[in-house]
Amino acid sequence: DAKTTQPPSMDCAEGRAANLPCNHSTISGNEYVYWYRQIHSQGPQYIIHGLKNNETNEMASLIITEDRKSSTLILPHATLRDTAVYYCIVRVPEAAGNKLTFGGGTRVLVKP
Amino acid sequence: GAGVSQSPSNKVTEKGKDVELRCDPISGHTALYWYRQSLGQGLEFLIYFQGNSAPDKSGLPSDRFSAERTGGSVSTLTIQRTQQEDSAVYLCASTQIPGRQIYFGEGSWLTVV
């Protein structure tokens, strides 16, 4: 799996949008971009994933650049409960043996 | 149940004892993964099951660690002669094949004293 690079930490004001960047310059054509988050050592929670088109669900939006070398996870209205470590991972989903390889993630602190 | 279920949720054991951790994946999920996370550290892959076989055991840290899966469902991770450095939360995950999403359980917290 390709490696990803994320800032180690960022703060966000409650109610504002949180924009979390991720670089994956060596991503291959069949690798998807996944985002997970982990709240205080609970099991990682799936947020969203995409291949090349922008994606949106009830939790977040994922913006992938045209060259697919980077992406941004957007939490539109951050709440205190969004404080967590956010992981950006690239993976080929069709092969189950392609496990999720977690890096250091971004520690997001949402402040009142 | 609807999600990945793990037991026990918490386990305190004495150094040198054996422990077994159980994972019950989401029904119908043929792929199962074990991860470990030590306090303040990242998630470390241990082993992957496809059905009852384990094509990737590359993350098992020593021969004291073993895992099995029966009936293509429940998996057990066994740690023999536990050491203090084994203290961690052990996370199980599962997915369908092909699977776009991998779902995690809440983990089993192991403390070796």
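Attention here is on the structure that accompanies the text. Please read all numbers here as calculations on a predicted model, not as lab measurements.

### Digging into the packing of aromatic side chains
Think of a pair of aromatic rings as described by two things: how far the centres are apart, and how the planes are tilted against each other in angle.
No. 1: Tallied over the entire structure, the rule returns nine aromatic pairs over all chains.
No. 2: With a centroid separation of 5.7 Å and 85° between ring planes, the pair formed by Phe102 of chain A and Tyr35 of chain B is classed as edge-to-face. In this pair, Phe102 of chain A sits in the loop between strand S8 (84-91) and strand S9 (106-111) while Tyr35 of chain B sits in strand S4 (residues 31-37), so the two residues belong to two different chains. Each member of the pair, Phe102 of chain A as well as Tyr35 of chain B, is classed as buried.
No. 3: Within the aromatic cluster, the residues linked to one another by ring pairs are Tyr36, Tyr46, Tyr87 and Phe102 of chain A together with Tyr35, Phe45 and Phe104 of chain B.
No. 4: Across from the ring centre of Phe45 of chain B, 4.6 Å away, lies the NZ or CZ of Lys99 of chain A, which sits over that ring.

### Things to note about the nonpolar core
No. 1: By size, the foremost hydrophobic cluster in this structure holds 22 residues, and its most contacted members are Leu20, Val33, Trp35, Ile47, Leu73 and Tyr86 of chain A.
No. 2: Those elements giving two or more residues to this core turn out to be strand S1 (9-13), strand S2 (18-23), strand S3 (32-38), strand S4 (45-50), strand S6 (61-64), strand S7 (70-75), S8 and S9 of chain A.
No. 3: Among the elements that make up this core, the one with the highest residue count is S8 of chain A (four residues).
No. 4: With residues near it in sequence (within four places) discarded, Tyr86 of chain A still touches Gln6, Leu20, Trp35, Tyr36, Arg37, Ile47, Leu73, Leu75, Gly105, Thr106 and Val108 of chain A.
No. 5: Formed by 20 residues, the second largest nonpolar core is a distinct cluster that contains Tyr46 of chain A together with Tyr35, Val89 and Ile102 of chain B.

### Here we look at the layout of surface pockets
Residues and elements named next belong to chain A.
No. 1: Within this model, the largest pocket holds a volume of roughly 400 Å³.
No. 2: Residue assignment for the lining of the largest pocket shows that the elements contributing at least two residues are S8 and S9.
No. 3: Element by element, the count of residues in the lining of the largest pocket is highest for S9, at four residues.
No. 4: Among the residues making up the lining of the largest pocket, the classes are represented as nine nonpolar, 11 polar and one charged.

### Observations regarding the sheet that holds S3 of chain A
Residue and element names in this part refer to chain A.
No. 1: Judged by pairing direction, the sheet is mixed, and its five strands sit side by side in the order S1-S9-S8-S3-S4 without closing on themselves. Each end of this open sheet is capped by a strand with a single partner; those strands are S1 and S4. In this sheet, neighbouring strand axes are inclined to one another by 25° on average, regardless of whether the strands run parallel or antiparallel.

### A closer look at the interface of chain B and chain A
No. 1: Counting residues at the interface gives 20 residues for chain B and 20 residues for chain A.
No. 2: Our count for the chain B to chain A interface comes out at one salt bridge.
No. 3: Between Lys99 of chain A and Asp56 of chain B there is a salt bridge whose closest N-O contact spans 3.2 Å.
No. 4: Taken together, chain B and chain A are joined by four residue pairs in polar contact (both at pLDDT 80 or more).
No. 5: Of all the secondary structure elements, the ones that give two or more residues to the side of chain B that touches chain A are S4 and strand S5 (44-50) of chain B.

Rules of the game
- Residues numbered from 1 in each chain as written.
- Chains lettered and ligands numbered in written order.
- Predicted model: local features only at pLDDT ≥ 70, side-chain atom pairs only at ≥ 80, totals over all residues.
- Heavy atoms only, no water.
- Phe/Tyr/Trp six-rings, centres within 6.5 Å; stacked < 30°, edge-to-face > 60°.
- Helix = DSSP H or I, 4+ residues; strand = E, 2+ residues; numbered from the N terminus.
- Buried < 20%, exposed > 50% of the residue type's maximum accessible area, 1.4 Å probe, protein only.
- Lys NZ or Arg CZ within 6 Å of the ring centre and 35° of its normal.
- Core = buried A, V, L, I, M, F, W, Y, C linked by side-chain atoms within 4.5 Å.
- Contact = heavy atoms within 4.5 Å.
- 1 Å grid on protein atoms, 1.4 Å probe; cavity = no way out; pocket = protein on both sides within 12 Å on 5 of 7 lines; lining within 4 Å.
- Points joined across faces, edges and corners; volume = space filled by probe spheres on them.
- Nonpolar A, V, L, I, M, F, W, Y, C, P; charged D, E, K, R; others polar.
- Pairing = 2+ DSSP bridges.
- Axes fitted to C-alpha atoms, helices over the stretch in contact; angles between N-to-C directions.
- Salt bridge = Lys/Arg side-chain N within 4 Å of Asp/Glu carboxyl O.
- Polar contact = N/O pair within 3.5 Å; in protein donor to acceptor, adjacent residues only side chain to side chain.

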